[in-house]
Every structure is written in structure tokens, then in C-alpha cells.
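Coordinate analysis (summary)
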Amino acid sequence: MKQLFGVLFLLSLLPSTFLLASEIFITYTSGGCEVDLNGNDIWRDASVDMTLKSGSVVRTKKGGEMELEIDGSMITVGPGRTVEILDLLNSVSEKSKFGWLKKATRYAKAFKKSDDEWSETALAGVRGEKAEEEDLEWVVDFEDDEIVRGKDLFNEGKYTEAIGIFDKITEQKGIDAENGEAAYYLGFSLFSTLRYEEAHPYLAESINHTERDFYESALMTYSFDQYFLQNYEEALEGFSSYTDTFLDGELVPYALLMLGKCYKDMGLKDEAVPYFMRVRNEFGDSDVYMDAVEEMRGL
């Protein structure tokens, strides 16, 4: 009996053990960034490759920005913020439950096919490969195009740098700059690095541009952002809008599952069941089939 209690006790500690065992280190800093490594109010300058603990606290000064990696997830801390690592660990843990999230919020390509070839050629010149003298001015023009540079950084997964570029563009030209494109990339970058509250206004702006190629991605990302912020009414509206607009969209099963989860998290279990059943009955080969089956247990 004592052995049984011992096993149960160890199992109860597993979630917190995983949090404590997480690998946490700084990958980028800009401006004033500090770390309270042991959570005892002793601060030191943050530096790249510094390893943090679950009890650490990080803060950025005005104009400062920090990028962290936690078990492979990239998180950024914006200017003028103080954040406990434990809170970030909990956010990463919550997001990790959605293993298919990248598919459900996949972003619109930054370039069309012809532009892909154009950007690769330009980047080759920038990175020191051979270029004809007559092409050099063209390469410089490419570097000066901030929105194209921001898209390139975005596609490389360099969200912190992309955020800096698109933030400046929206500050200078307005939140609807480039017909909503800057807001889309900025909002998506902020969302991808767990800055849900900061992402909200930009994603909200991006879904106003219903004719743009990024609209489908923007709508789903906005809806997930609202869900993680526990704004369930807004999330319901967003996911419902997706299923109404994209009747045969590839992301329909994800939206249906999330509609069910929103109702379930609101305590409205009867309303949740039909959405989980639709996923189970109509999308048996989807990534979220088992999620729907699991959500129905106990309802």
C-alpha cells in the first residue's frame, strides 16, 4: 500500500517536474534587458545563451526586447515588460497541447512564385555570392524595401527582428499599412511568440481585409489568439466566421474542434457536443479526430 501511495505521489509531481526540467535560454537581446536568475530581486544584464530557471524573472526596459527558447518554442518579451519564467512555461505547456496548431494557423506565403525566385537571387547577392556590377544597385534597392525584408525575416522564423520591422511600418504608416499586410505579419509574429495581448489589435485589423490572400490564415490566427486570451465569445465568432466563409476550407475540422472547446471551457457542454461529433463523424482522417474523441469523454 505504501508503495502504491508512493507511485501515485510521484505521478502527481510529473507536470511540475517537466516544467522544472525544461531547457530555457536567451537567444537574442536588444536594448536594456535584465534577468533575476533566482527570483530574489538580484538583477544582472541579460546575455545571449544565458540559461534561466523556472523561478527566474526577466524584464526589458523601454526600447528593450528579448527572445527566449523554451524546449524548442520561441518566445519574445517586448519593451517595458517584466515576466516570470514560470508563467511562460505554463503558456508553452498550454500551447503544446495543440500539436497541430501550425497547420491550423499556417501563414500566407510572403512572396508569389516569381517573387520567390527574385528574392533568392537578391539574397544571394547580399550574402556575398557573385553578382554583376549592374545588379548591385538592384540588390541595394531590395535591402531598402522594409516590408520585403520583414517578410524574409518572418519566413526564416526570426520573429523578433520581423516584429521590429513591422512595428515601425505600422507606426509610420498606420495600422492598415500595405492594405493590412503589415498588421498581419506583425500580429502573426507576436502570436507565434506567445505575445497574445499585443497581437490582438494587429490580428483584428488584418481580418478587416477579407479580399487579401492572408485573410484565411489571419482569421484562424485571430480566433486562436482570442481563445488563448480566454475571450471565448470573440473566439466563437471568429471560428464560426471561418466555417461560414470557407465551407470546404482545409481548416474546417480545426475550427469545428475549437468551437466545441470554446463552449466546453465556458461550461456549455450541450452546445459543445455537436461540434465534436461533426469532427468525429466527418473528419476521421484529420489531425484533430482523436482530440474530438477525447474531448467528448466525460461530457
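Counting from 1, residues in each chain are numbered in the order their sequence is written. Reporting of local features is limited, given that this is a predicted model, to residues whose pLDDT is at least 70; pairs of side-chain atoms are given and counted only at 80 or more, and all residues count toward the totals for whole chains, interfaces and linings. Working from all heavy atoms in the structure, the side-chain values ignore hydrogens and water.

For the rest of this paragraph, the subject is the pattern of salt bridges. Each salt bridge in this description consists of a side-chain nitrogen of Lys or Arg and a carboxyl oxygen of Asp or Glu lying within 4 Å of one another. Applying the stated rule across the entire model yields 16 salt bridges. The salt bridge involving Glu 250 is made with Arg 106; its shortest N-O contact spans 2.8 Å. A residue pair is termed long-range when its members are at least 10 positions apart, and Glu 250 in the loop between α11 (232-245) and α12 (252-265) and Arg 106 in the loop between α3 (101-104) and α4 (113-126) qualify at 144 residues. Glu 250 sits in the exposed class, given a relative accessible area of 57%. Taking the relative accessible area as the measure of exposure, Arg 106 reaches 40% and is therefore partly exposed. Salt bridges sharing common partners tie together Glu 65, Arg 81, Arg 195 and Glu 198. Comment: elements are numbered from the N terminus, with helices defined as DSSP H or I runs of at least four residues and strands as E runs of at least two. Each residue's exposure class comes from its accessible area (1.4 Å probe, protein chains only) as a fraction of the maximum for that residue type: buried when under 20%, exposed when over 50%, partly exposed otherwise.

Within a predicted model, pLDDT stands for the predictor's per-residue confidence, ranging from 0 to 100. Predicted confidence across the protein gives a mean pLDDT of 84, with 81% of residues reaching 70 or more. Every residue pair with non-hydrogen atoms within 4.5 Å of one another is taken to be in contact. Taken as a whole, residues 1-20 scores under 50 in pLDDT and shows five contacts with residues more than four places along the chain or in a different chain. Confidence drops under a pLDDT of 50 for residues 110-144, and excluding neighbours within four residues, the segment shows 26 contacts in the predicted structure.

A few words now on the sheet that holds strand β2 (residues 33-36). Strands are treated as partners if at least two bridges between them are detected by DSSP. The four strands are arranged β3-β2-β4-β7 in an open sheet whose pairing can be described as antiparallel. Each of the sheet's edge strands pairs with one partner strand only, and the pair in question is β3 (44-45) and β7 (82-84). Where β2 and strand β4 (residues 57-60) come together, four bridges link them in antiparallel fashion. Looking across to β4, one finds that Cys 33 is bridged to Thr 60. Each of β4 and β7 is contacted by helix α2 (residues 85-96), which is oriented at about 65 degrees to β7, the strand it contacts most. Simply put, an axis is a line fit to the C-alpha atoms, just over the touching stretch for a helix, and the angle between two N-to-C directions goes from 0 to 180 degrees.

Spatially, β1-β5-β6 is the arrangement adopted by the three strands of the open sheet, whose pairing is antiparallel. A single partner strand is all that each edge strand has here, and the edge strands are β1 (24-30) and β6 (73-77). Along the sheet, successive strands turn relative to each other by an average axial angle of 20 degrees, direction set aside. Pairing of strand β5 (residues 65-70) with β6, which is carried by five bridges, proceeds in the antiparallel orientation. Paired with Glu 67 across the two strands is Thr 76, which belongs to β6. Strand contacts of helix α7 (residues 159-173): β1, β5 and β6, with the helix running at about 150 degrees to β5, the strand carrying the most contacts.

Under the 1.5 Å per step criterion, the end-to-end length of α12 is 20 Å for 14 residues, consistent within 8% with the ideal 20 Å. With 11 of 14 residues buried, α12 is to be regarded as a mostly interior element. Among the residues of α12, Val 252, Pro 253, Tyr 254, Ala 255, Leu 256, Leu 257, Met 258, Leu 259, Gly 260, Lys 261 and Cys 262 are the ones counted as buried. Against the buried residues of α12 lie α3, α10 (215-228), α11, α13 (269-282) and α14 (289-296). Positive backbone phi, approximately 85 degrees, marks Gly 267, located one or two places after α12. Helices are assigned an expected span. That span is 1.5 Å times one less than the residue count.

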